Amino acid sequence: MSGRRILLTGASGLLGRTIAPLLSSEGRLESPGLERFDLKRVETIHETVAAVRPDLVVHLAAETRVDVCETEPAEAYRVNTLGTIHLAEACRRAGARLVMMSTDYVFDGKSREPYREHQPTAPCNRYGRSKEEAERACRTIVADSLVVRSSSLFGGPGPHFVASIRRAVREGRPLRVVDDQIQSPTWVGHLAPPLARAALGDLHGILHLSAEGECSWFAFARAILEEEGIEAECTPISSRASGRAAPRPAYSVLDGELALSFGLELPDWREGLRRHLEETG
Ligand SMILES: NC(=O)c1ccc[n+]([C@@H]2O[C@H](COP(=O)([O-])OP(=O)(O)OC[C@H]3O[C@@H](n4cnc5c(N)ncnc54)[C@H](OP(=O)(O)O)[C@@H]3O)[C@@H](O)[C@H]2O)c1
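Scoring rules and cut-offs
- Residues numbered from 1 in each chain as written.
- Predicted model: local features only at pLDDT ≥ 70, side-chain atom pairs only at ≥ 80, totals over all residues.
- Helix = DSSP H or I, 4+ residues; strand = E, 2+ residues; numbered from the N terminus.
- Expected span 1.5 Å × (residues − 1).
- Buried ≥ 20, exposed ≤ 12 C-beta atoms within 10 Å, placed from the backbone.
- Arc of directions from axis to C-beta.
- Pairing = 2+ DSSP bridges.
- Axes fitted to C-alpha atoms, helices over the stretch in contact; angles between N-to-C directions.
- Contact = placed C-beta atoms within 7 Å.
- Core = buried A, V, L, I, M, F, W, Y, C linked by C-beta atoms within 7 Å.
- Right-handed = clockwise from strand over helix to strand, strands pointing away.

(A) Quick look at helix α8 (residues 217-228). With 12 residues, α8 should cover 16 Å at 1.5 Å per step; its first-to-last C-alpha distance of 17 Å lies within 8% of that length. Within the span of α8, buried status applies to Trp217, Phe220, Ala221 and Ile224. Take α8 and look down its axis: the buried residues cluster within an arc of 100°, on one side only. Looking at the residues trailing α8, positive phi occurs at glycine 229, about 65°.

Written out as structure tokens, the structure reads:
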């Protein structure tokens, strides 16, 4: 195991910063920056994979700004889909296992029960579509591949939802938060260990890994204020009133039963929130 060569993409991101130390203790980790690995410059993808000759690629890099993907769909496709297709091709050539991070936004949001791995995808926005196509590319191009879907990540300094709420409170700005989108906010500190275990193991196909429990963004904001002991007004609003460029699924909770059957379990989102607040002070 210790001789294993691991290539991590998106190491500077929210999840990447948390998982990198876990992966580096299991092998020789390479986590190139944009100058050596840019999903928009496909030659850098092939060059880096050829140079590193990884046994395992953990692919986190993506354009994750959902509204930017909506207004710039060609860029979203170029980074998230086309970049992943080239990475998958490079992995196939190198004989590397590919583990790709994906999202609850591949689902349409019409369910009222947690989505299982095998349920049909039907994204309602461009970001979801770009990730759905990337998932398909990974699974069809690389035999030894795993797609891991998660939801609403937070952790570290940000940017993420918890950091935005705290900043708005500090700056005395009014809180108006969407109350008609239900998901499972997932602390990266809880996600990284089971994700690393799944990546380093030999699971194939699709796996859902997100925090236990569910809430609306409004309920999440209220919980942040409660945990911080802050008295601040917080107004629930509809998705329509939020004026965001991209539509979001109304319900995108992921079922964690399959992960649990492999001994991979995440605590409740509220516990993740407490841990995050403890850590960031
Ligand atoms: N955030 C969420 O709520 C969420 C929810 C479910 C699933 N996911 C998935 O989880 C993964 C990690 O998300 P995250 O929140 O940690 O992402 P993030 O914080 O937005 O970080 C994105 C990472 O991708 C890199 N990147 C962006 N454009 C790139 C390009 N053209 N070429 C190479 N690298 C590029 C960034 O590098 P720079 O720092 O150099 O820009 C950064 O390291 C993503 O695949 C995302 O789709 C995220």
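Moving on from the model shown.
(B) Quick look at the sheet that holds strand β5 (residues 145-150). Sheet architecture is open: six strands sit in the order β2-β1-β3-β4-β5-β10, paired in parallel fashion. Strand pairing shows two members of the sheet lacking a second neighbour, β2 (28-30) and β10 (205-208), which therefore form its edges. Averaged over neighbouring strand pairs, the angle between their axes works out to 20° when direction is ignored. Both strand β3 (residues 56-59) and strand β4 (residues 97-103) contribute to a ladder of four bridges, which runs parallel. Its bridge partner being in β4, leucine 56 is matched across the sheet by arginine 97. Lying on the sheet, helix α1 (residues 14-24) is in contact with β1 (5-9), β2, β3 and β4; it crosses β1 at an angle near 175°. The strands that helix α7 (residues 188-200) touches are β3, β4, β5 and β10; relative to β5, the one it contacts most, it runs at about 165°.

(C) Representation of the nonpolar core within the structure. Formed by 73 residues in total, the largest nonpolar core has its most connected members in Leu8, Val57, Val58, Cys91, Leu98 and Val99. When sequence neighbours within four positions are dropped, the list of residues in contact with leucine 8 reads Gly16, Ala20, Leu23, Leu29, Ser31, Val58 and Leu60.

(D) Examining the environment of arginine 41 more closely. As for its placement among the helices and strands, arginine 41 is situated in the loop between β2 and α2 (42-52). Separated by 18 residues in sequence, arginine 41 and histidine 59 place their C-alpha atoms 16 Å apart.

(E) How the structure looks around the pairing of β5. The buried count for β5 comes to six of six residues, which makes it a mostly enclosed element. Residue alternation in β5 divides its side chains into two sets, Ser145, Val147 and Arg149 and Leu146, Val148 and Ser150, and both sets are buried. Sheet analysis places β4 next to β5, joined by six bridges and oriented parallel. Its bridge partner being in β5, threonine 103 is matched across the sheet by serine 150. Running through helix α5 (residues 126-141), the crossover from β4 to the neighbouring parallel element β5 is right-handed.

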